[in-house]
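Working through the structure, step by step
One-letter residues, chain by chain:
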Amino acid sequence: MDKGLVFNIQRYSIHDGGGIRTIIFLKGCPLACPWCSNPESRKGVQPSSWQKNGRTETIGEWYDVDTLVDEAMKDEIFYRTSGGGVTLSGGEVLMQADFAAKLLEELHELGIHTAIETTGCFPIERLSKLLPHLDQILFDLKIMDEDMSKRVIGADVTTVKENFEAALAAEAVDVIPRIPLIPSYTDSRDNLLSIIEYLKQLGVLSVHLLPFHQYGSNKYDYLGWDYEMEDTAVLSKREISAIKELFEAEGINASVDGLE
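Figured I'd write up the structure that's included with this text. Because the structure is a prediction, the values reported are computed rather than measured.

Describing the packing of aromatic side chains
Tallied over the entire structure, the rule returns eight aromatic pairs. Their ring planes at 75° and their centres at 5.1 Å tell us that F139 and F164 sit as a pair that is edge-to-face. You can see F139 sitting in strand β8 (residues 136–140) and its partner F164 sitting in helix α6 (residues 157–169), a full 25 residues away along the chain. Given the relative accessible area of 0%, F139 is considered buried. Accessibility expressed as a relative area gives 0% for F164, which makes it buried. Site record: aromatic cluster; members linked through ring pairs are F139, F164 and Y198. Above the ring of Y198, the side-chain terminus of K161 is found at 5.0 Å from the ring centroid.

Structure below.
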């Protein structure tokens, strides 16, 4: 694709790949996670709209690669001094795999550290296009039960695992598994133990835990959508600590939000 659809560019981020980063959010996601904090990114790769602050706003703007590279390079000094770079997020980056691959290639050629956030929910051919141009992958592992994963979020666990293992096998790519801790969905002991066993089989000994939050809940109002998690309480510090200890008891280092 000659152009990609972007719904946000966030500068000076310190949470998505190390150092100071520019996060480019690509529109489009096939999943239906009830806890999604970027619901405006969901569904197809096409502009949409919402009602915000009493007026209609368009969500999504088409960019060519050169324009986005120019935007990212405005902050080059911060990448160089902090060990940062550019992270492509979403939505689901693999929804716009051809465009993402071209953008990452251009950034890589300029010596910029590149990363993506992904759920690995598309056939491996899409991720394969990006791997040669990546330094890091922040890879979400959510629901490991096949039936529950398909029913709740629409992800095929077999496909997710194939992508995750391909990422691990890629030379010079740092893969960080991230576990969203979502009450009633991903935080059950059975699900967490399934993740632990899977990671141990692959020799992965470090994860980031992402506790559920209510950030972005107002976006559902803007979109006119029901928010299923409205009455869901966030996990307590004690509950998060217990999950962290569960991983570490199995020899897997677990940082919370990637910061500890």
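This is not the end of the story, as more comes after the structure.
Some words on a nonpolar patch on the surface
A cluster of nonpolar residues, Y12, I77 and F78, forms a patch on the protein surface that exposes about 310 Å² of accessible area. Checked against the element boundaries, I77 lands in helix α2 (residues 76–82).

Brief notes about empty space enclosed by the protein
A full pass over the atoms with the stated rule returns one cavity of 30 Å³ or more. Counted as a void, the largest cavity has a volume near 100 Å³. Around the largest cavity sit 13 residues that line it, and T119, D140, K142, A155 and V160 are the ones nearest its centre. Looking at side-chain class alone, the lining of the largest cavity contains nine nonpolar, two polar and two charged residues.

What about the side chain of D140?
Inspection of the secondary structure puts D140 in strand β8. Engagement of the side chain of D140 in a polar contact is seen with the side chain of R178, the distance being 3.0 Å.

Examining the sheet that holds strand β7 (residues 113–118)
Spatially, nine strands are ordered β5-β1-β2-β6-β7-β8-β9-β10-β11 in an open sheet, and the strand pairing comes out mixed. The open sheet has two free edges, formed respectively by β5 (61–64) and β11 (253–256), since each of these has just one partner strand. Each neighbouring strand pair of the sheet contributes to a mean axis angle of 30°, computed without reference to strand direction. As judged from the five bridges shared by strand β1 (residues 3–13) and strand β2 (residues 21–26), these two strands associate in the antiparallel manner. Bridge pairing links S13 to R21 in β2. Across the sheet, helix α1 (residues 65–73) lies against β1, β2, β5 and β6 (85–89), angled at about 90° from β5, the strand it touches most.

Some details on the side chain of D75
Structurally, the position occupied by D75 is in the loop between α1 and α2. Reaching out from D75, the side chain makes a polar contact with the side chain of R11 at a distance of 2.6 Å. Look past the residues within four positions of D75 in its chain and what remains in contact with it is R11, Y12 and T22.

Re helix α9 (residues 237–249)
When the terminal C-alpha atoms of α9 are compared, their 18 Å separation across 13 residues agrees well with the 18 Å that a helix rising 1.5 Å per residue should span. By the burial criterion, the buried members of α9 are I240, I243, K244, L246 and F247. One side of α9 carries all its buried residues, which in axial view fall inside an arc of 155°. In α9, the exposed positions that point more than 90 degrees away from the buried face belong to K237, R238, E245 and A249. Elements in contact with the buried residues of α9: β9 (174–181), α7 (189–201), β10 (206–211) and β11. Looking one or two residues past α9, G251 carries a phi angle of roughly 85°, positive in sign.

Some details on the pairing of β6
Of all the five residues making up β6, five are buried; the element is thus mostly covered by neighbouring parts of the structure. Where β2 meets β6, five bridges bridge the pair, whose relative direction is parallel. Bridge pairing links R21 to G85 in β6. Judged from the four bridges that link them, β6 and β7 form a sheet pairing that is parallel. Each bridged residue has a counterpart across the sheet, and for T87 the counterpart in β7 is A115.

Cut-offs used in this document
Residues numbered from 1 in each chain as written. Predicted model: local features only at pLDDT ≥ 70, side-chain atom pairs only at ≥ 80, totals over all residues. Heavy atoms only, no water. Phe/Tyr/Trp six-rings, centres within 6.5 Å; stacked < 30°, edge-to-face > 60°. Helix = DSSP H or I, 4+ residues; strand = E, 2+ residues; numbered from the N terminus. Buried < 20%, exposed > 50% of the residue type's maximum accessible area, 1.4 Å probe, protein only. Lys NZ or Arg CZ within 6 Å of the ring centre and 35° of its normal. Patch = residues over 30% accessible without salt bridge, like charges linked within 9 Å, V, L, I, M, F, W, Y side chains within 5 Å. Areas by Shrake-Rupley, 256 points an atom, 1.4 Å probe, with all protein chains shown as cover. Salt bridge = Lys/Arg side-chain N within 4 Å of Asp/Glu carboxyl O. 1 Å grid on protein atoms, 1.4 Å probe; cavity = no way out; pocket = protein on both sides within 12 Å on 5 of 7 lines; lining within 4 Å. Points joined across faces, edges and corners; volume = space filled by probe spheres on them. Nonpolar A, V, L, I, M, F, W, Y, C, P; charged D, E, K, R; others polar. Polar contact = N/O pair within 3.5 Å; in protein donor to acceptor, adjacent residues only side chain to side chain. Pairing = 2+ DSSP bridges. Axes fitted to C-alpha atoms, helices over the stretch in contact; angles between N-to-C directions. Contact = heavy atoms within 4.5 Å. Expected span 1.5 Å × (residues − 1). Arc of directions from axis to C-beta.

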